[in-house]
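Below are the chains, spelled out letter by letter.
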Amino acid sequence: MPRVSQDYPGLTDGVRFVEYSQLLSLAELPPGTYIFTDTITFDARRRELAVLVEKRMLERGNAFRILNSPFRGSQARARFEHLFPGQFLARAKFKSRQLGEIKNRYLVESVAVDLDSEVDDEAAHLADVLLDGGNPDHLGLTANLPIDSIEFIFADRRLSIGGTDPLPKQAIDSFGLDVFAVGRATQNGLAHFVAIGDSVFDILPSQGGDTSLARAITESIIGLDTVKSGAPIPLNVGWEAIAKAMRLKSPS
Amino acid sequence: MTYSQLLDRGSAPPGVYIFTDRDRMTMPQRRIAGAIRRRLLSAGPAFRVLGDPERQLGRGELLATLTKDGINDYRVHMLANIDPRQIRYPVFVRIEDDHMGPRSELLDSWPEVVKAAAGLVLTGYREDQILVIEYIDTQGEGGFYRKYGSFRIGGKIVCQHILHSTAWLGKRESTVRTPDLIAISDGFYHENPHQELLMPIFERARIDYGRMDYSFAGDRIQVWEINDNPMFVGRNPHRVSKINKGQGFMDAFNLLDADLPGGEPVDVSLDLADIEAAVR
């Protein structure tokens, strides 16, 4: 990951990026702390496969520490959908005056739509977002709530940008995630959840170079590893268990 | 231009528009492109549109159709509803909507298929994107695998090349380019021997612009895919051809608007009803 190496130079010394596809093809994994990413957006099949891998890892005792359990990942999505103060694009009913800012569930720049603009402009903005590959299931429409704080959670450690009060522990725990980022917007003194993400790009946002935030994030992530290094551990994820997780028909 | 750039213009001048890259589009993108397409066509005979992202057959559906029609002699299985008892091995897996070629080596058993497909699902591909494709041997004279590439540009077939390879995957490192083989490929461009064979297949696919990649098993055509956003020429065209093929392509493109009447620009702005239809 070239950008990560550039923005987080200290991280790539101590952290290895493992492609999901390798988790099934590798017969063994080195013991350590594994942060699962993108669990919020897993579809059912992907989640079942990830849970299968997670189970095999947990069967190996203390050899693996799992953060962002795929098993609990669906909890984060449901919780966020419950809290989001708007409607997701895939289910939106369009009335021009209710369109405000479009927020991606991942912490990216929001697309601001002027509420006084003509109806056609709003359609044009939405078309642009969709033509850019935006997923309607992951895009939310709110009534003009710009993000004013972002909180990065690394298990017990937190970093934040912006002035909103820190999230209470109970609120963080309700998402069922360990390593993720949350964006909030304040309106009339109330803070609203408007973005959440556990992808690599949410946890390691682009910095444009080595910054104090990048160094703090690096330190936080490296601090998560509590597992002693050792010889690789066999995983033995058999094809029958995989076929069952994918609900594939049996050949017999 | 991109679809976004066309929308940003607000209005489109009369002429021919070629809509490409349906394979890589999400469903909302296809629907938005479809809405733009309808705007252009509703403006009258001064506008012609090639490419129909909403109606063109995707790779999986096209290959299954060609097998059913008795054109292809190999079968394609969609992972989402695959019956392992129906598979003839060896097979390989690939993604329906990209052009990165096979995503596995040849697989000889159901456990191998399961693991290969699961690796793709775990990476983030959906079940309905994954194809399990039966292998068919197209090795021919001289031990080469020959992959033919021919364009359809509206009413014309224009041949691009024959790629000779020593391996079935046709990877770059196994492609062979000797002066004799380049001459054969250049001859193919001039002779255009497969027009009558290819046009009905393009019609069946509902594709009026794109490059068909195909081979022969014996004397029977085997279609691999139709790429509707194909590359015309690489960085080193002189490495792969000794002739200028540009004129053949230009002649075909020029025919597209030769008979178009004049007209006025048309408004291509979308409205919220189009967006709502796109995201449902």
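Residues numbered from 1 in each chain as written. Chains lettered and ligands numbered in written order. Predicted model: local features only at pLDDT ≥ 70, side-chain atom pairs only at ≥ 80, totals over all residues. Heavy atoms only, no water.

> Could you give an account of the overall build of chain A, with specific residues and numbers?
Helix and strand counts for chain A stand at 10 helices and 11 strands. Counting over 252 residues, chain A shows a buried share of 48%. Within chain A, residue pairs in contact and separated by at least 24 positions form 71% of the contacts whose partners lie at least 6 positions apart. (Helix = DSSP H or I, 4+ residues; strand = E, 2+ residues; numbered from the N terminus. Buried < 20%, exposed > 50% of the residue type's maximum accessible area, 1.4 Å probe, protein only. Contact = heavy atoms within 4.5 Å.)

> Account for the sheet that holds strand β5 (residues 91-95) of chain B, with residues named and values stated.
All names here are of chain B. The strand order β4-β6-β5 describes an open sheet built from 3 strands, whose pairing is antiparallel. Whereas interior strands pair on both sides, the edge strands pair on one side only; in this sheet they are β4 (76-78) and β5. Strand-to-strand twist in this sheet, taken as the mean axis angle between neighbours without regard to direction, amounts to 30°. Pairing between β5 and strand β6 (residues 130-134): 5 bridges, direction antiparallel. Counterpart to Ile95 in the pairing with β6 is Ile130. Sitting on the sheet, helix α3 (residues 59-68) is in contact with β4, β5 and β6, with an inclination near 135° to β4. (Pairing = 2+ DSSP bridges. Axes fitted to C-alpha atoms, helices over the stretch in contact; angles between N-to-C directions.)

> Can you explain the pattern of salt bridges? Please cite residues and give values.
Per the counting criterion, the structure on display carries 32 salt bridges over all chains. In this structure, Glu59(A) and Arg60(A) form a salt bridge, with 3.9 Å as the shortest nitrogen-oxygen distance. Where Asp73(B) meets Arg220(B), a salt bridge forms, and the shortest distance between an N and an O atom there is 2.7 Å. One end of the pair, Asp73(B), is in the loop between α3 and β4; the other, Arg220(B), is in strand β11 (residues 220-227), with 147 residues separating them in the sequence. Accessibility expressed as a relative area gives 33% for Asp73(B), which makes it partly exposed. Assessed through its relative accessible area of 35%, Arg220(B) is described here as partly exposed. Ionic contacts of the salt-bridge type, sharing partners, join the residues Arg45(A), Glu48(A), Arg247(A) and Glu127(B) into one network. (Salt bridge = Lys/Arg side-chain N within 4 Å of Asp/Glu carboxyl O.)

> Quick one: what's the story with the sheet that holds strand β9 (residues 179-187) of chain A, residue by residue and with numbers?
Residues and elements named next belong to chain A. Pairing is antiparallel across the open sheet formed by 4 strands, whose spatial order is β8-β7-β9-β10. The outermost strands of the open sheet, each flanked by one partner alone, are β8 (157-162) and β10 (190-197). Direction aside, neighbouring strands of the sheet carry axes that sit 25° apart on average. Contacting β7 (149-154) and β8, helix α9 (residues 212-222) runs over the sheet at an angle of about 160° to β8.

> Can you tell me about the interface of chain A and chain B, naming the residues and giving the values?
At the junction of the two partners, chain A supplies 39 residues and chain B supplies 33 residues. Roughly 3100 Å² is buried in total at the junction of chain A and chain B, and carbon and sulfur atoms are behind 70% of that figure. Put simply, chain A and chain B have 1 salt bridge between them. Salt-bridge contacts for Arg45(A) lead to Glu127(B); the nearest nitrogen and oxygen are separated by 3.4 Å. Taken together, chain A and chain B are joined by 8 residue pairs in polar contact (both at pLDDT 80 or more). At the level of elements, α3 (20-25), α4 (44-58), α6 (119-131) and α10 (239-245) of chain A are the ones that each hand at least two residues to the side of chain A that touches chain B. Class assignment for the residues of the side of chain A that touches chain B results in 25 nonpolar, 4 polar and 10 charged. (Buried area = accessible area lost by both parts, 1.4 Å probe. Polar contact = N/O pair within 3.5 Å; in protein donor to acceptor, adjacent residues only side chain to side chain. Nonpolar A, V, L, I, M, F, W, Y, C, P; charged D, E, K, R; others polar.)

> An account of the environment of Ser109(B) is needed here, citing residue identities and associated values.
Assignment of secondary structure puts Ser109(B) in the loop between β5 and α4 (110-123). Each C-alpha atom, one on Ser109(B) and one on Arg88(B), is 9.4 Å from the other, the two residues being 21 residues apart in sequence.

> Let's hear about the environment of Arg39(B): which residues, and what values?
Residue and element names in this part refer to chain B. Turning to its location among the elements, Arg39 is positioned in helix α2 (residues 27-41). Those residues in contact with Arg39, other than ones at most four positions away along the chain, are Val266, Asp267, Val268, Ser269, Leu270, Asp271 and Asp274. In terms of polar contacts, Arg39 uses its side chain to reach the side chain of Asp274, at 2.6 Å.

> Help me get a handle on unusual backbone geometry, residues and values and all.
All names here are of chain B. Cis peptide bonds are those with omega within 30 degrees of zero, and the linkage from Tyr89 to Pro90 qualifies with 0°. Here Pro90 shows up in the loop between β4 and β5. Of note, Asp21 is a non-glycine position whose phi angle comes to about 70°, a positive value. Along the chain, Asp21 falls in the loop between β2 (15-18) and α2. Positive phi, normally seen in glycine, also occurs at Asn192, with a value near 50°. Note on placement: Asn192 falls in the loop between α5 (179-191) and α6 (195-205).

> An account of the pairing of strand β7 (residues 145-153) of chain B is requested, with residue identities and associated values reported.
All names here are of chain B. Counting buried residues along β7, 8 of its 9 residues qualify, which places the element largely inside the surrounding structure. Alignment of β7 against strand β8 (residues 156-165), held across 9 bridges, turns out to be antiparallel. Looking at the pairing, Arg146 lines up with His164 of β8. The antiparallel hairpin formed by β7 and β8 contains 2 residues in its connecting segment, where Gly154 sits at a positive phi of about 65°. One ladder, built from 6 bridges, connects β7 with strand β10 (residues 209-217); its direction is antiparallel. Looking at the pairing, Ile153 lines up with Tyr209 of β10.

> Give a detailed account of the packing of α4(A) against α4(B), specifying residues and quantitative values.
At their nearest, the axes of α4(A) and α4(B) sit 8 Å apart, and the two run at 105° to each other. Comparing their axes, α4(B) and α4(A) come out roughly perpendicular. Contacts from Arg45(A), Arg46(A), Leu49(A), Ala50(A) and Val53(A) in α4(A) reach Ala118(B), Val121(B), Leu122(B) and Thr123(B) in α4(B). Of the residues contributing to the contact of α4(A) with α4(B), the split by class is 6 nonpolar, 1 polar and 2 charged. (Parallel < 35°, antiparallel > 145°, perpendicular 65-115°, else oblique.)

> A description of the packing of aromatic side chains should follow, citing residues and the corresponding values.
Residue and element names in this part refer to chain B. According to the stated counting rule, one finds 20 aromatic pairs over all chains in the structure shown. Ring centres of Tyr214 and Phe216 lie 6.0 Å apart, and the angle between their planes is 80°; on these two criteria the pair is classed as edge-to-face. An aromatic cluster of three or more residues is present, and its members are Tyr148, Phe188, Tyr214 and Phe216. (Phe/Tyr/Trp six-rings, centres within 6.5 Å; stacked < 30°, edge-to-face > 60°.)

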